[in-house]
Amino acid sequence: MFHPFKIESYLTEHEKNVTYNYSESGVHPLKLGDFLELAGKDLNELANIEMDYPNVRGKIELREKIAALYPGAKIGNILTTIGASEANYLTAETLLKPGDEMIALQPAYLQLPGNALNNNITLRTVELIEDQNWALNTEQLMATVNSSTKIISIINPHNPTGHILEQAEMDAIIQAAESVGAWIVADEVYAGTERGDTKPTRSFWGQYDRVIAINSMSKAYGMPGLRIGWIVAPEELIPEFQLRHEYTTISSTMLGNELANIALDPEVRPKLTQRARELINFGFDTLTEMLSAHGDIYKVVPPQASAMCIVRYDLPIDSLAFVDRLVHEKSTLVVPGSCFGLDHHFRCSSALPETYLREGLNNINELVSEIKG
Ligand SMILES: Cc1ncc(COP(=O)(O)O)c(C=O)c1O
């Protein structure tokens, strides 16, 4: 049985047909012109880019810049992919064999776990506890891991809650993985989206031998349309990923490689993450203020990172019906909690321009008033 990617299917149906789209999870995407200005580049400099396939593993300079972001990583540890999406797909295809099990977080963005299900892998979940600021249930993790566990799938910072794992939680995950020789696949696409004065998220890379770290240009850098992501893995695994990559996409795009290479330049990257932090901080403050209009209805655990948060609402309407009404009556889209197995919640992004953010949040408040009667 094929398991569709519920959240993406829901977004595909609606995201281009609404006036206010708060279903995105990254910071507001950059325009090419604004990016080049921020990077101090002229559009004409792009004219010489040859529209050829790049190196199948990714442009060498780009992979060098990516490797420099991970302690001890070298170019041989990196494969550039079409977004973190392809990275997650290749990871499932490469590592999982019949009889393997995967542990995933609940709730979670189910990209790697969904691929596992589609490979007939048994999926076990470990909860993040809302009442404890979405802390990981480490006892449950220790009780769930077993000799068939091939992958522990982690998203850190986490989608949809914005939780960043404490070092003690990371240590517990490493201990659980080590006890059975499992891989930790750490999807770290929200690294760099920390809110307030939260310190940068530590990668799992370098903390345990069997780690695969995944990231992309889509979230903190505001460039989801570049479709550039990457895998950081032990060197001997990269050819295995490459063999599958040659079937799925052959390579990422030349233009994407060139622009990502500019974006990850040590002079440019901090400007992008600074932009992300400003949008995230301001956006979440605006969202908090707007939601206070119905303080009796909404409850939000402030996210430590990411451009979004998960909002719990106390109304007698399930999340799919709530969001369907929002789409059809207010042309406003958020993600129904049911896409994450969390009813009476919705995920809302807020790292967006102020007017756009306030107008749509106002629509959400209006619908809540109408349902309250
Ligand atoms: C945790 C997580 N991983 C991967 C992706 C896919 O990202 P990309 O645009 O890099 O393919 C997303 C997108 O929402 C995500 O939230």
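What counts as what
- Positions within a chain are numbered from 1, following the residues in the order the chain's sequence is written.
- In keeping with the predicted nature of the model, local features appear solely for residues at pLDDT of at least 70, side-chain atom pairs appear and are counted solely at 80 or more, and the whole-chain, interface and lining totals rest on all residues.
- As a rule here, side-chain values cover all heavy atoms of the structure and leave hydrogens and water aside.
- Paired rings are identified among Phe, Tyr and Trp, the last through its six-membered ring, by centres lying within 6.5 Å, and are further divided according to the angle between planes into stacked (under 30 degrees), edge-to-face (over 60) and tilted (the rest).
- Working definition: helices are DSSP H or I runs of at least four residues, strands are E runs of at least two. Numbering for both runs from the N terminus.
- Using a 1.4 Å probe on the protein chains alone, a residue whose accessible area is under 20% of its type maximum counts as buried, one over 50% counts as exposed, and one in between counts as partly exposed.
- Each domain's extent was defined by an automatic or database domain assignment.
- Contacts are assigned to residue pairs that have any heavy atoms within 4.5 Å of one another.
- Joining two parts hides part of their accessible area as seen by a 1.4 Å probe, and the buried area is that hidden amount summed over both.
- Salt bridge criterion: a side-chain nitrogen from Lys or Arg within 4 Å of a carboxyl oxygen from Asp or Glu.
- Any pair of nitrogen or oxygen atoms within 3.5 Å is treated as a polar contact; in protein, a donor-acceptor pairing is required on top of that, and neighbouring residues in sequence qualify only through side-chain atoms on both sides.
- Directions are taken from the helix axis to each C-beta atom, and the arc is the one they span.
- Fitted lines through C-alpha atoms give the axes, limited to the stretch in contact for helices. The angle between two N-to-C directions lies from 0 to 180 degrees.
- In what follows, roughly perpendicular refers to angles from 65 to 115 degrees, roughly parallel to angles under 35, roughly antiparallel to angles over 145, and oblique to any angle outside these ranges.
- Handedness of a crossing is defined here by the sense of rotation of the near helix relative to the far one, left-handed for an anticlockwise turn of less than a right angle and right-handed for a clockwise turn.
- Any residue that is not Ala, Val, Leu, Ile, Met, Phe, Trp, Tyr, Cys, Pro, Asp, Glu, Lys or Arg is counted as polar, Gly included; the first ten are nonpolar and the last four charged.
- In these notes, residues near a molecule or strand are those with any non-hydrogen atom within 4 Å of it.
- We get accessible surface area from the Shrake-Rupley algorithm with a probe of 1.4 Å; when it comes to residues, only the shown protein chains can shield them.

### A few points about the packing of aromatic side chains
Under the defined criterion, the tally for this structure stands at seven aromatic pairs. A ring pair is formed by Y20 and Y356, whose centres lie 5.4 Å apart and whose planes are at 50°; its orientation type is tilted. Highlighted residues: Y20 in strand β1 (residues 20–21) and Y356 in helix α12 (residues 354–372), separated in sequence by 336 residues. Y356 sits in the partly exposed class, given a relative accessible area of 27%. Here the aromatic rings of Y313 and F322 are separated by 4.8 Å at their centres, their planes lie at 25°, and the arrangement is stacked. Classification of F322 by relative accessible area gives buried; the value is 0%. By the ring-pair criterion, three or more aromatic residues cluster together here, those being Y298, Y313, F322 and F346.

### Some points on the domain arrangement of the chain
For the chain, the domain assignment lists domain 1 (6–31 + 270–368) and domain 2 (48–265). For domain 1 and domain 2, the distance between their C-alpha centres works out to 25 Å. In this assembly, 33 residues from domain 1 lie in contact with 35 residues from domain 2. For the pair domain 1 and domain 2, the summed buried area comes to about 2,800 Å², and 52% of that belongs to carbon and sulfur atoms. If you sort the residues of domain 1 by the area they bury against domain 2, R277, V301 and Q304 come out on top, with a joint share of 24%. Along the contact surface separating domain 1 from domain 2 lie two salt bridges. E130 serves as the salt-bridge partner of R312, at 3.1 Å between the closest nitrogen and oxygen.

### A short note on the environment of T161
Among the secondary structure elements, T161 is positioned in the loop between β6 (149–155) and α7 (167–180). For T161, a relative accessible area of 1% gives the class buried. Taking the C-alpha atoms as reference, T161 lies 8.5 Å from P302; in sequence the two are 141 residues apart. If we ignore the near neighbours within four places in the chain, the residues touching T161 are P107, L128, W134, P303 and I310. Within the structure, T161 has its side chain in polar contact with the side chain of H158 (distance 2.7 Å). Within the structure, T161 has its side chain in polar contact with the backbone nitrogen of H163 (distance 3.1 Å).

### Quick look at unusual backbone geometry
Omega for the peptide link from N156 to P157 comes to -10°, which places this bond in the cis form. Mapped onto the fold, P157 is located in the loop between β6 and α7. Cis geometry is found at the peptide bond from N159 to P160, where omega equals 15°. Of note, P160 is situated in the loop between β6 and α7. Even without being glycine, S306 reaches a positive phi, approximately 90°. Here S331, not a glycine, exhibits a phi torsion of approximately 50°, which is positive. For S331, the position within the fold is in the loop between α11 (319–330) and β12 (332–333).

### A few points about the side chain of H14
Its location among the elements puts H14 in helix α1 (residues 6–14). The residues touching H14, leaving out its near neighbours within four places in the chain, are D324, V327, H328 and L333.

### Considering the environment of L96
Residue placement: L96 occurs in the loop between α4 (83–95) and β3 (101–106). Setting aside its immediate chain neighbours within four residues, L96 contacts T91, M102, A116, I121, K150 and I151.

### Considering the pattern of salt bridges
The tally for this structure, following the rule as stated, stands at 15 salt bridges. One network of salt bridges, with partners in common, ties together R325, E329, K330, E366 and E370.

### Section: α1
Within α1, the full set of buried residues consists of I7, Y10, L11 and H14. Looking straight down α1, one finds that the buried residues subtend no more than 95° of arc, so they occupy a single side. In α1, the exposed positions angled more than 90 degrees off the buried face are occupied by T12 and E13. The elements touched by buried residues of α1 are α11, β12, β13 (335–336) and β14 (345–349).

### Regarding the packing of helix α2 (residues 32–39) against helix α9 (residues 254–263)
At a closest axis distance of 10 Å, the pairing of α2 and α9 adopts a crossing angle of 40°. Considered as vectors, α2 and α9 are oriented oblique to each other. Read as a crossing pair, α2 and α9 show a hand that is left-handed. Packed against α2, whose contacting residues are L32, F35 and A39, the element α9 presents L259, I262 and A263 at the interface. Within the contact of α2 with α9, the residues separate by chemical class into six nonpolar, no polar and no charged.

### What to know about the site of the ligand
In the vicinity of the ligand there are 16 residues, among which S85, D187, Y190, S218 and K219 approach most closely. Side-chain polar atom of N159 to an oxygen atom of the ligand: 2.8 Å apart, as the coordinates give it. When isolated, the ligand has an accessible area of 390 Å², and the protein chains bury 94% of it. In terms of residues, the shell around the ligand owes the most to one element, α4, which gives four residues. Counted by class, the shell around the ligand contains five nonpolar, eight polar and three charged residues.

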